[in-house]
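# Reading the structure
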Amino acid sequence: LFYLPGDDSSGRKVITFSCCRMPPSHQLNHTRLLEYLKYTLDQYVENDYTVVYFHYGLKSLNKPSLKWLQTAYKEFDRNCSYSFQPSLAFNILLTISFSFPRYKKNLKALYVVHPTNFIKILWNIFKPLISHKFGKKITYLNYLSDLGEHLKYDQLNIPQEVICHDENLRRKQKGKLPPVVKVPPPRPPLPTQQFGVSLQYIKDKNKGELLPPVMKETVSYLKNKGLKVEGLFRRSASIQIIKDVQKLYNQGKSVNFADYNDIHVPAVILKTFLRELPQPLLTFDCYDHILGITSVESCLRVTRCKEIIQGLPEHNYVVLKYLICFLHMVSQESIYNRMTASSLACVFGVNLIWPSKGTTSLNALVPVNLFTELLIDFYTNIFNSRTVPGE
């Protein structure tokens, strides 16, 4: 039902919900579904986040009952009492907009994919009751290709049923299957490229330097200017500014973060760099080992983390140690910035490790975030037995 495919182009967490994956109502414990919805949102509502709602597949067979919808409203807002049964999408919209400020404050975009006319009609009816600011966050997308204009399409774990439905809609619109779009071959990276290339490529083009310039410069700036900024790494930045900064780095030009007057620009750039590596910093080989951390006894988990980290290639180890050292420093100032090791793990976990195929499921988030939190909390213990070049 829920997936967390990573971050969008502004560094905001993306949560997807697919109606077609809902089982028949009589097979689903809706009370636990509500608890799961709250649990999922509670992990990310303190940060800027985006929701993608795939409406296709919601039918009378799997639609929640009126009683459950009323219970959901009461859970989120004790003063809420609606007596109609809208579609699930509209239920989500109204619940967020009317009920809980802590959920809607940091929701920066809500994309409703394949909306029905009924949803649009209901939205127009209740639009006057919803703040204009929140209304601007909602975007209706008739086709999946429209979604690609806002998010990285290949990051999303889109159900095959939704893809087939999208093709059927296009076929009906044009009377034939959409033409096959020929994608031009990717251009070779620039010699100064920083984003979307391997650590080895950056090293080879920077006289053997192990630490990528973009990482050194963002970390250095944030150490000097951002350690005590509340909500560091939780907030997004202008998409256009992030694209401009990426372009400057890829062209080998200098970047002065002070010119942007926004501490969240270098913070988003750092997360973006990690997210766009062809292979995660913790490597694909470590993915299954990291997922197993929850099955290790609590008293042995730090030791297990150390064992996993010791198996990393030297280059990855050096870059990871540099990053975690910095994040440990950030966590030490949590009384000011509110970014504990746990908070930082929620932000950085999915940017440090992901599966070689598909996206990180919500079930995998617990071990991924726990592993990252342990690295930050016990940085000195975990990284003390292996020296790196330059130390």
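To be clear, the structure that these remarks concern was listed above.
Residues numbered from 1 in each chain as written. Predicted model: local features only at pLDDT ≥ 70, side-chain atom pairs only at ≥ 80, totals over all residues. Heavy atoms only, no water.

### Some words on the overall build of the protein
- Assigned secondary structure in the protein consists of 19 helices and five strands.
- Counting all 391 residues of the protein, 51% fall into the buried class.
- Counting only contacts in the protein whose residues sit at least 6 apart along the sequence, the fraction spanning at least 24 positions is 75%.
- Just so you have it, the protein exposes about 18,900 Å², and 51% of that area is on carbon and sulfur atoms. (Helix = DSSP H or I, 4+ residues; strand = E, 2+ residues; numbered from the N terminus. Buried < 20%, exposed > 50% of the residue type's maximum accessible area, 1.4 Å probe, protein only. Contact = heavy atoms within 4.5 Å. Areas by Shrake-Rupley, 256 points an atom, 1.4 Å probe, with all protein chains shown as cover.)

### Focus on the side chain of Ser343
- For Ser343, the position within the fold is in helix H17 (residues 341-352).
- Separated by 3.3 Å, the side chains of Ser343 and Arg234 make a polar contact.
- Ignoring sequence-local partners within four residues, the contact set of Ser343 consists of Arg234 and Arg338. (Polar contact = N/O pair within 3.5 Å; in protein donor to acceptor, adjacent residues only side chain to side chain.)

### Quick notes on the pairing of strand S3 (residues 49-54)
- Burial analysis of S3 places six of its six residues in the buried class, which makes it a mostly covered element.
- Neither face of S3 is left uncovered, since the one carrying Tyr49, Val51 and Tyr53 and the one carrying Thr50, Val52 and Phe54 both have all their residues buried.
- Two strands pair when backbone bridges link them, and strand S2 (residues 13-18) and S3 are joined in this way by six bridges, in the parallel orientation. Note on S3: the bridge partner recorded for Phe17 is Tyr53.
- The pairing of S3 with strand S4 (residues 107-113) spans six bridges and is classified as parallel. Note on S4: the bridge partner recorded for Tyr53 is Val112. (Pairing = 2+ DSSP bridges.)

### Quick look at the packing of helix H15 (residues 314-332) against H17
- Between H15 and H17, whose axes approach to 10 Å, the crossing angle comes to 155°. Our classification of the angle between H15 and H17 gives roughly antiparallel. When the axes of H15 and H17 are compared, the crossing they make is right-handed. Within the contact between the two elements, H15 uses Leu323, Leu327, Val330 and Ser331 and H17 uses Ala341, Leu344, Phe348 and Leu352.
- The residue makeup of the contact of H15 with H17, split by class, is seven nonpolar, one polar and no charged. (Axes fitted to C-alpha atoms, helices over the stretch in contact; angles between N-to-C directions. Parallel < 35°, antiparallel > 145°, perpendicular 65-115°, else oblique. Left-handed = near helix turned anticlockwise from the far one by under 90°. Nonpolar A, V, L, I, M, F, W, Y, C, P; charged D, E, K, R; others polar.)

### Things to note about the pattern of salt bridges
- Applying the stated criterion to the full structure yields three salt bridges.
- Two residues, Glu209 and Lys216, come together in a salt bridge whose shortest N-O distance is 3.8 Å.
- For Lys216, a relative accessible area of 32% puts it in the partly exposed group.
- Among the ionic pairs, Glu307 bridges to Arg304, the shortest N-O distance being 3.1 Å. (Salt bridge = Lys/Arg side-chain N within 4 Å of Asp/Glu carboxyl O.)

### Considerations on the environment of Arg12
- Within the secondary structure, Arg12 is located in the loop between strand S1 (2-7) and S2.
- Between the C-alpha atom of Arg12 and that of Ala237, which follows or precedes it by 225 residues, the distance is 9.1 Å.

### What about the nonpolar core?
- One finds Phe233, Ile309 and Phe348 to be the most contacted residues of the largest nonpolar core, which totals 63 residues.
- Ranked by residues supplied to this core, first place goes to H15 with nine residues.
- Here Phe348 is in contact with Phe233, Leu270, Lys271, Leu274, Leu323 and Leu327, once residues within four sequence places are set aside.
- Residues Phe2, Leu4, Leu107 and Leu365 belong to the second largest nonpolar core, which totals 19 residues. (Core = buried A, V, L, I, M, F, W, Y, C linked by side-chain atoms within 4.5 Å.)

The values are spatial; any link to function lies outside them.
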